[in-house]
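Here is how the chains run, residue by residue.
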Amino acid sequence: QMLGGIINMLLGFIYSRNRQTLFEDMRVTNYVNKAKILMQENVGQNIPCEKIAERVNMGYSRFRRIFKDYTGFAPAQYMQELKINKSKELLTNTIISCKEIAYEVGFDSPSYFNIVFKKRTLMTPLEYRLFTQGHSI
């Protein structure tokens, strides 16, 4: 009878711990999702990642670690990926100049935009535009 009580107590403890972990994972997932939305909504604004952490009520170190665990990217890398994706969309679907796109997505200079874009896509923004619009490079 005593052994049954101990086993019952252990099972209760494990169940409780599992529920607590699940709840914590849900909270963390909500923080990360909220941060991702804030980043997407402000892709061209150059909001520092520390401000994003602050807006989701987390310290930056913890936010950075959790964000990377959940997304595979550090917050700044994720932000840069959003900028590249937005610029790809603009290059494909508009006639806005590459220079204007660089500033619209939040790069400090068109030359830095060209460097980052080519590093990520292996094409310059102009080559990407021509390629996606069916022109030969």
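Here is what the cut-offs are and how they apply
- Residues numbered from 1 in each chain as written.
- Predicted model: local features only at pLDDT ≥ 70, side-chain atom pairs only at ≥ 80, totals over all residues.
- Heavy atoms only, no water.
- Helix = DSSP H or I, 4+ residues; strand = E, 2+ residues; numbered from the N terminus.
- Buried < 20%, exposed > 50% of the residue type's maximum accessible area, 1.4 Å probe, protein only.
- Contact = heavy atoms within 4.5 Å.
- Areas by Shrake-Rupley, 256 points an atom, 1.4 Å probe, with all protein chains shown as cover.
- Expected span 1.5 Å × (residues − 1).
- Arc of directions from axis to C-beta.
- Phe/Tyr/Trp six-rings, centres within 6.5 Å; stacked < 30°, edge-to-face > 60°.
- Lys NZ or Arg CZ within 6 Å of the ring centre and 35° of its normal.
- Core = buried A, V, L, I, M, F, W, Y, C linked by side-chain atoms within 4.5 Å.
- Salt bridge = Lys/Arg side-chain N within 4 Å of Asp/Glu carboxyl O.
- Polar contact = N/O pair within 3.5 Å; in protein donor to acceptor, adjacent residues only side chain to side chain.

### Brief notes about the overall build of the protein chain
Looking only at helices and strands, one finds 7 helices and 0 strands in the protein chain. Across the protein chain, helices and strands are ordered from the amino to the carboxyl terminus as α-α-α-α-α-α-α. Across the 137 residues in the protein chain, those meeting the buried criterion constitute 31%. Considering only residue pairs separated by 6 or more positions, the protein chain has 53% of its internal contacts joining residues 24 or more positions apart. Accessible area for the protein chain stands at about 9300 Å²; split by element, carbon and sulfur atoms hold 56% of it.

### Concerning helix α3 (residues 60-71)
With 12 residues, α3 extends 16 Å between its outermost C-alpha atoms, agreeing within 8% with the 16 Å of an ideal straight helix rising 1.5 Å per residue. For α3, the full list of buried residues reads Phe63, Ile66, Phe67 and Thr71. For α3, the buried positions fall inside an angular range of 110 degrees around the axis, keeping them on one side. Along α3, exposed side chains directed more than 90 degrees from the buried face belong to Ser61 and Asp69. At the exit of α3 stands glycine 72, carrying a positive phi of roughly 85 degrees.

### Describing the packing of aromatic side chains
Counted according to the given criterion, the structure contains 7 aromatic pairs. With a centroid separation of 5.2 Å and 55 degrees between ring planes, the pair formed by phenylalanine 107 and phenylalanine 113 is classed as tilted. Exposure remark for phenylalanine 107: the relative accessible area of 6% places this residue in the buried category. On the basis of relative accessible area, phenylalanine 113 is assigned to the buried category, the value being 0%. Among the aromatic side chains, those forming a connected cluster through ring pairs are Phe107, Tyr112, Phe113, Phe117 and Tyr128. Of note, lysine 83 hangs over the ring of phenylalanine 107, and the distance from its end group to the ring centre comes to 5.4 Å.

### Structural notes on the nonpolar core
With 17 residues, the main nonpolar core has Ala35, Met39, Ile52, Val56, Phe63, Phe67 and Leu82 as its most contacted residues. Those elements that place two or more of their residues in this core are α1 (2-41), α2 (49-55), α3 and α4 (75-93). In this structure isoleucine 52 touches Ala35, Leu38, Met39, Ile47 and Phe63, once residues within four positions along its chain are discounted. With 13 residues, the next largest nonpolar core counts Ile84, Leu90, Phe113 and Val116 among its residues.

### A closer look at the pattern of salt bridges
Counted under the stated rule, the structure contains 2 salt bridges. Ionic pairing is found between arginine 120 and glutamate 81, a salt bridge with its closest N-O pair at 2.4 Å. Placement of the pair is arginine 120 in helix α6 (residues 110-121) and glutamate 81 in helix α4, with a sequence separation of 39 residues. The shortest N-O distance in the salt bridge between lysine 86 and glutamate 89 comes to 3.8 Å. Of this pair, lysine 86 and glutamate 89 both sit in helix α4, 3 residues apart, which is roughly one turn of the helix. What makes lysine 86 partly exposed here is its relative accessible area of 29%.

### Structural notes on the side chain of threonine 121
Tracing the backbone shows threonine 121 in helix α6. Only 2.8 Å separates the side chain of threonine 121 from the backbone oxygen of phenylalanine 117, close enough to count as a polar contact. Aside from chain neighbours lying at most four places away, what touches threonine 121 is Ile84 and Lys88.

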